[in-house]
Each structure stands twice: as structure tokens, then as C-alpha cells.
Amino acid sequence: MNDMTPIKTTIKDWETDQEVRWCPGCGDYAILKAVQRTMPELGASPENTVFVSGIGCSSRFPYYMESYGFHTIHGRAPAFATGIKLANPDLDVWLITGDGDGLSIGGNHTMHVIRRNLNTQIMLFNNEIYGLTKGQYSPTSREGTKSPSTPFGSVDHPANPCAFALGAGGRFIARAYDVSKQLPDVLKAAYHHKGAAFIEIFQNCIVYNADVFADFTEKKNQDDHQLWVKHGEPMLFAKGSKGIALDAEKLTLKVVDVTDGDWQGAGVIVHDQTNRSVAHMLVEMPFGPFPMALGVIYDDPMPTFESAVVEQNRKLAEGKMPDLQKLVSKGQTWQVEKQLREE
């Protein structure tokens, strides 16, 4: 039997007839378009793709993708995604969540889908605020954030999504932001990774937390405050005039000046996306003294959860015939008989 020729799609094949209902200027529009543009380049097909979301502004995403979709309940999208993938491992499953949905009520579920290494792409939209419920502070909000629930400023220490994912055992960690031209490349890398691929996407909430990432996303700030890492290439920024090196005494990273392009002489590190220790240091670099690390920070695959489940079931089923009656009769059983009452 000849292999079926893959059906080529266009961006139009991934757009639905639903009115996109986000606030004008919301960063979600840019993320949506990036995904819709990327899907044809991946060779993906709508009938084999599922987008699963929880609750929040980002969780409207499945309505706008011409594919299968589940808009589920608050924080529980990973549980639904796990069930979908186990029922049909051949499906491409994308999990859409936000900093509140995925790291507050859904933190436990997010941790376990990463720990289990389910083969899914996890896109966490981080705007550092609860946008859907009118601007309360979220798990990623910075200390001092004033909101309806923290009118005098938040005293919480914010969660670091990528550090959380690494700590949960994540094998693919990446960062980008809503309008970055490199976002499609990050999405492609996540898609080709076999296992749980975690992508933090900085997203501008134009209404409740506008321009909170402007210090590194605005064009005038990009050169000096963005570090786009790429496997096998030196960690340079500021148009190559600065780089990231290892402080051998303190076992931490440091910023060094690069003179006349001599990054080797300055001790600049070459990015190795399989180095877990350096990945931890990159995602925890304090912004300001350091640039924001973006791109594929860590990528080191291992066997997936659903492949282990499928193989286990296959072995257990060898030489056995399906017998539903035997299954339901197994163990302690009893019969309820009708007894006619004598008058």
C-alpha cells in the first residue's frame, strides 16, 4: 500500500469563522497569527490536531483554530490533554494556558504533565496579571504590583515559569514574546521535540498590565536586553559587544565585554541546549544586570509517557483474548436475587 501524500495547508485552513474576541492591542492576536502561520510549515493537518485550554483570556484560543479543540475548566487542561493523548497517541496535542490558569489553580496539573513527559506542546501565555477577571495580581506578578486584590502592592515573590518547568523535570524549555519574529522558530522546535515542550510566551495585556515587558521587548531596548540563545553559537548580545560567561569561582553566570569580536578570549559560553545546569542559570538570570534569555534554552528528549503506557498495554495484552464478562466478574462479586414477599 502506498503512503498517503500529506495534504498541504495554508494559513486560511487554520482560521475559523469565529470572531476573535480579545481586547484591541492584546498580544494574543500576534500569538494566534504566529501559530496559524506555523502550522502549514510544520506539515500539520487540522483533522489530526487538538488545542486544549483551561480558563482565561488565552484559553479562548481553541475557538480560533480550525482543528479539534477543548475549552475545559480552570487549571485542568493538562488532565484533559493527557486523556486525549492516551486515547489517541497519534494526535498532535497543543496545550494553551496562562500564568494564572497554569501556575495557580492549575500548578499541580502543569507540574505532572511536565513530569510525566507527555508528548504535547505547552504554551504558557505570561502577562503577569489576571486579565479575564479584571486585573488582579497573578502568580507571576512582580513584587509591588498594584491591582484590585493588592491595592498597596503585592508582597508575593513571583513564580518563574521556566524554572518551575525545569524543576518539574521538563526536557524542553523555551521562551519568546508575542510579537517576536523568532516565535515561529521556537514553536517549530517545540513541535519536533518528542515529549512535553514548555514554551513561556511573554504577552502584553494592553488593559491591565500594559508594557510590563517593554524594557526588553521595545525595539529601542532589544539589542541591549535580549539574549537569543541558539545551539552551538556563542551567547552574545548588544550587537556582539557583550556576552555571557561562567564565573568559575562562584559557579554562576556573568556578563562580560567582548572586544573586537574576540568572544573566545572574553570567555563567552557556547550554547549547549542539552546542558541542564546552564539552562537553570539562564532562566534564573535577574533581568536588569542580565539580558532576558530567549529561544530554545533546553532541549534534551527522553521517552514519552504515552509511549510507555502503550508499550505496557501491548505486553499485558499479549496472548489474551478480550472478555468483558470475565473482567466484570473478577474479584469479589455477588448476585442480587429478587425475593417475592409472601402475603
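These figures come from a predicted structure and were not determined experimentally.

## Describing the pattern of salt bridges
For side chains bearing opposite charge, pairing can occur when the charged atoms are close.
In step 1: This model, assessed by the stated rule, comprises 12 salt bridges.
In step 2: Among the ionic pairs, Lys12 bridges to Glu15, the shortest N-O distance being 3.6 Å.
In step 3: We note a salt bridge from Lys230 to Glu233, for which the minimum N-O separation is 4.0 Å.
In step 4: Residue class for Lys230 comes out exposed when judged on its relative accessible area of 53%.
In step 5: A relative accessible area of 39% places Glu233 in the partly exposed class.
In step 6: Here the residues in one salt-bridge network are Glu311, Arg314, Lys315 and Glu318, joined through shared partners.

## Description of the nonpolar core
In step 1: Ranked by internal contacts, the top residues of the largest apolar core, which has 43 residues, are Ile173, Phe198, Leu227, Met235, Ile244, Leu282 and Met285.
In step 2: Once you skip the residues sitting within four places of it in the chain, Met285 turns out to touch Leu227, Ile244, Leu253, Phe290, Pro291 and Ala293.
In step 3: Ranked by size, the runner-up nonpolar core spans 30 residues in total, among them Trp22, Met39, Leu42 and Val296.

## Comments concerning the sheet that holds strand β5 (residues 172-177)
In step 1: With respect to topology, eight strands assemble into an open sheet ordered β2-β1-β3-β4-β6-β5-β11-β7, the strand pairing being mixed. Single-partner strands in this sheet number two, and they are β2 (68-71) and β7 (226-229). Strand-to-strand twist of the sheet, defined as the mean angle between neighbouring strand axes without regard to direction, takes the value 20°.
In step 2: Sheet topology note: the strand β1 (residues 49-53)/β2 ladder contains four bridges and is parallel.

## Brief notes about the packing of aromatic side chains
In step 1: Throughout the structure, instances matching the rule amount to 13 aromatic pairs.
In step 2: Taking 5.3 Å as the distance between ring centres and 75° as the angle between the ring planes, the aromatic pair formed by Phe202 and Phe216 counts as edge-to-face. Note that Phe202 is positioned in strand β6 (residues 197-202) and Phe216 in helix α7 (residues 214-217), a separation of 14 residues in sequence. With respect to burial, Phe202 and Phe216 carry one shared label: buried.
In step 3: Clustering of aromatic rings is evident, with ring pairs tying together Trp22, Tyr29, Phe51, Phe61, Tyr64, Trp94, Phe125 and Tyr191.

Parameters at a glance
- Residues numbered from 1 in each chain as written.
- Predicted model: local features only at pLDDT ≥ 70, side-chain atom pairs only at ≥ 80, totals over all residues.
- Heavy atoms only, no water.
- Salt bridge = Lys/Arg side-chain N within 4 Å of Asp/Glu carboxyl O.
- Buried < 20%, exposed > 50% of the residue type's maximum accessible area, 1.4 Å probe, protein only.
- Core = buried A, V, L, I, M, F, W, Y, C linked by side-chain atoms within 4.5 Å.
- Contact = heavy atoms within 4.5 Å.
- Pairing = 2+ DSSP bridges.
- Helix = DSSP H or I, 4+ residues; strand = E, 2+ residues; numbered from the N terminus.
- Axes fitted to C-alpha atoms, helices over the stretch in contact; angles between N-to-C directions.
- Phe/Tyr/Trp six-rings, centres within 6.5 Å; stacked < 30°, edge-to-face > 60°.

Function cannot be inferred from these measures alone, as they are strictly geometric.
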